[in-house]
Amino acid sequence: MASPGESIEGGHPSAADVYSLSGSDPDQDLVDRTGMSEQDIEQIDALMSALGRLRAAEKELSEASRRYMNLNETDMRALHFLIVCENRGVPATPGAIAESLGISTASTTKLLDRLQRGGHVRRQRHPADRRALVIRLEAATRAAAIRTVGAQQARRVHAARRLTPAQRAVVTAFLADMTAEISLDGAH
């Protein structure tokens, strides 16, 4: 395996090259590097490469979790929502699930049918409104999700704990700024 910045077999770009400014924007069509030192560029390249590795690790974890639980991405997001609702003592209604996932009520019905057939959830009457339903997570599914996906995702906290409060503030501000920069809401 090539080290960062080193080309791999056949002269193809390495993973680090893919995220480097010189590799992805050699003519500065996208990013004007006026006033940036070589050190600035190297640090930004390293940061973009680290973000790429983080996205790849998140994707790998997500795919492994979905395979383990035999569920798709939307199913997994629904289970996470249901776990949070249970943790907060809030009844999870189909409408709340639809809103949280950004899907239609028809899609939510199909989702819940699929999860119920798989033994992951059960529908019950709402305790305060007998006309409404609440969705309950089956104990075995909750335990499996917490033992696998939850435990792995929780390890992120270890990295955050190793930062000082000032470092966490900088990272949080950076991620918020980057999110705003790449958000489709602000696209021109």
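Bear in mind the structure is a predicted one, so any value in this text is a computation, not a measurement.

> Quick rundown of the overall build of the protein chain? Include the residues and the values.
A count of helices and strands for the protein chain gives nine helices and two strands. What you see in the protein chain, going N to C, is helices and strands ordered as α-α-α-α-α-α-β-β-α-α-α. By the compact-globule yardstick of 16 Å for 188 residues, the protein chain is too spread out, its C-alpha radius of gyration being 22 Å. When the 188 residues of the protein chain are sorted by exposure, 23% land in the buried category. If you sum the accessible surface of the protein chain, you get close to 13100 Å²; carbon and sulfur atoms cover 55% of it. Across the protein chain, the 24 positively charged side chains and the 24 negatively charged ones have centroids separated by 18 Å.

> If you had to explain the side chain of Asp 45 to someone new, which residues and values would you point to?
Take Asp 45: it is sitting in helix H3 (residues 38-69). Among buried Asp, Glu, Lys and Arg side chains, Asp 45 stands out as unpaired, with Arg 33 the closest opposite charge at 7.2 Å.

> Please provide a residue-by-residue account of helix H6 (residues 105-117), values included.
With 13 residues, H6 should reach 18 Å at 1.5 Å per residue; the first-to-last C-alpha distance of 18 Å fits that figure. Buried within H6 are the following residues: Thr 108, Leu 111, Leu 112 and Leu 115. When H6 is viewed along its axis, its buried side chains cluster within an angular range of 95° and face the same direction. More than 90 degrees from the buried face of H6, the exposed residues found are Lys 110 and Arg 117. If you follow the buried residues of H6, they end up packed against helix H4 (73-88), helix H5 (94-101), strand S1 (121-125) and strand S2 (133-137).

> Pulling in residues and values, what's your account of the environment of Ala 132?
With respect to the secondary-structure elements, Ala 132 resides in the loop between S1 and S2. Spatially, the C-alpha atom of Ala 132 lies 7.7 Å from that of Thr 93, the residues being 39 residues apart in sequence.

> Help me get a handle on the nonpolar core, residues and values and all.
Of all hydrophobic cores here, the largest spans 21 residues; its most connected members are Met 69, Leu 79, Leu 82, Ile 97, Leu 115 and Val 121. At the level of secondary structure, the elements contributing two or more residues to this core comprise H4, H5, H6, S2 and helix H7 (139-154). Apart from the residues within four sequence positions on either side, Leu 115 is in contact with Leu 71, Asp 75, Ala 78, Leu 79, His 120 and Val 121.

> Report on the packing of H3 against helix H9 (residues 165-182), specifying residues and quantitative values.
Between H3 and H9, the shortest axis-to-axis distance is 14 Å and the interhelical angle comes to 80°. On the basis of their axis angle, the class for H3 and H9 is roughly perpendicular. Of the residues in H9, those touching H3 at Leu 47, Met 48 and Leu 51 are Phe 174, Leu 175 and Met 178.

> Tell me about the pattern of salt bridges, and name the residues and values.
Under the defined criterion, the tally for this structure stands at seven salt bridges. Across the salt bridge formed by Arg 142 and Glu 86, the nearest N and O atoms sit 2.9 Å from each other. In this pair, Arg 142 is assigned in helix H7 and Glu 86 in helix H4, connecting sequence segments 56 residues apart. The exposure class assigned to Arg 142 is partly exposed, which follows from its relative accessible area of 22%. The exposure class assigned to Glu 86 is partly exposed, which follows from its relative accessible area of 34%.

> Lay out the packing of H3 against H4 with the relevant residues and their values.
Closest axis-to-axis distance for the H3/H4 pair is 10 Å, and the angle between their directions is 85°. With respect to H4, the element H3 is oriented roughly perpendicular. For the pair H3 and H4, the contacting residues are Ser 65, Arg 66 and Met 69 in the first and Glu 73, Met 76 and Leu 79 in the second. In terms of residue class, the contact of H3 with H4 is built from three nonpolar, one polar and two charged.

> Report on the side chain of Thr 141, specifying residues and quantitative values.
The residue Thr 141 is located in helix H7 in this model. Owing to a relative accessible area of 6%, Thr 141 belongs among the buried residues under this scheme. Polar contacts involving the side chain of Thr 141 include one to the side chain of His 120, which spans 2.8 Å. Apart from the residues lying within four places of it in its own chain, the contact partners of Thr 141 are Met 69, Leu 79, Gly 119 and His 120.

Procedures and definitions
Throughout this document, residue positions are counted from 1 along each chain, in the order its sequence is written. Local features are withheld for residues below a pLDDT of 70 in this predicted model, meaning they are given only at 70 or higher, and side-chain atom pairs are given and counted only at 80 or more; totals for whole chains, interfaces and linings count all residues. Side-chain metrics in this entry use all non-hydrogen atoms of the structure; hydrogen atoms and water are not considered. Think of it this way: any DSSP run of H or I at least four residues long counts as a helix, any run of E at least two long counts as a strand, and we number them from the N terminus. Radius of gyration means the value over C-alpha atoms here, while the globule rule gives 2.2 Å times the residue count to the 0.38 power. Partly exposed residues are those whose accessible area sits between 20% and 50% of the maximum for their type, while under 20% is buried and over 50% is exposed, using a 1.4 Å probe and protein chains only. Here, Shrake-Rupley sampling with a 1.4 Å probe gives the accessible areas, and only protein chains in the shown set may cover a residue. When charges are counted, neither His nor the chain ends are considered; positive counts come from Lys and Arg and negative counts from Asp and Glu. In this description, the location of a charge corresponds to atom NZ of lysine, CZ of arginine, CG of aspartate or CD of glutamate. Criterion for a salt bridge: a side-chain nitrogen of Lys or Arg within 4 Å of a carboxyl oxygen of Asp or Glu. Helix span is expected to be 1.5 Å times the residue number reduced by one. This arc describes the spread of directions from the helix axis toward the C-beta atoms. In this analysis, two residues are considered to be in contact whenever any of their non-hydrogen atoms come within 4.5 Å of each other. To define a nonpolar core, start from buried Ala, Val, Leu, Ile, Met, Phe, Trp, Tyr and Cys residues and group those joined through side-chain atoms within 4.5 Å. Angular values range over 0 to 180 degrees, each being the angle between N-to-C directions of two axes fitted as lines to C-alpha atoms, with helices fitted over their stretch in contact. Every angle not falling under 35 degrees, over 145, or within 65 to 115 is termed oblique; those three ranges are roughly parallel, roughly antiparallel and roughly perpendicular. All residues other than Ala, Val, Leu, Ile, Met, Phe, Trp, Tyr, Cys, Pro, Asp, Glu, Lys and Arg, Gly among them, are scored as polar; the first ten of these are nonpolar and the last four charged. The term polar contact refers here to a pair of N or O atoms within 3.5 Å; inside protein, the definition further demands a hydrogen-donor-capable atom paired with an acceptor-capable atom, and it admits residues adjacent in sequence only when both atoms are side-chain atoms.

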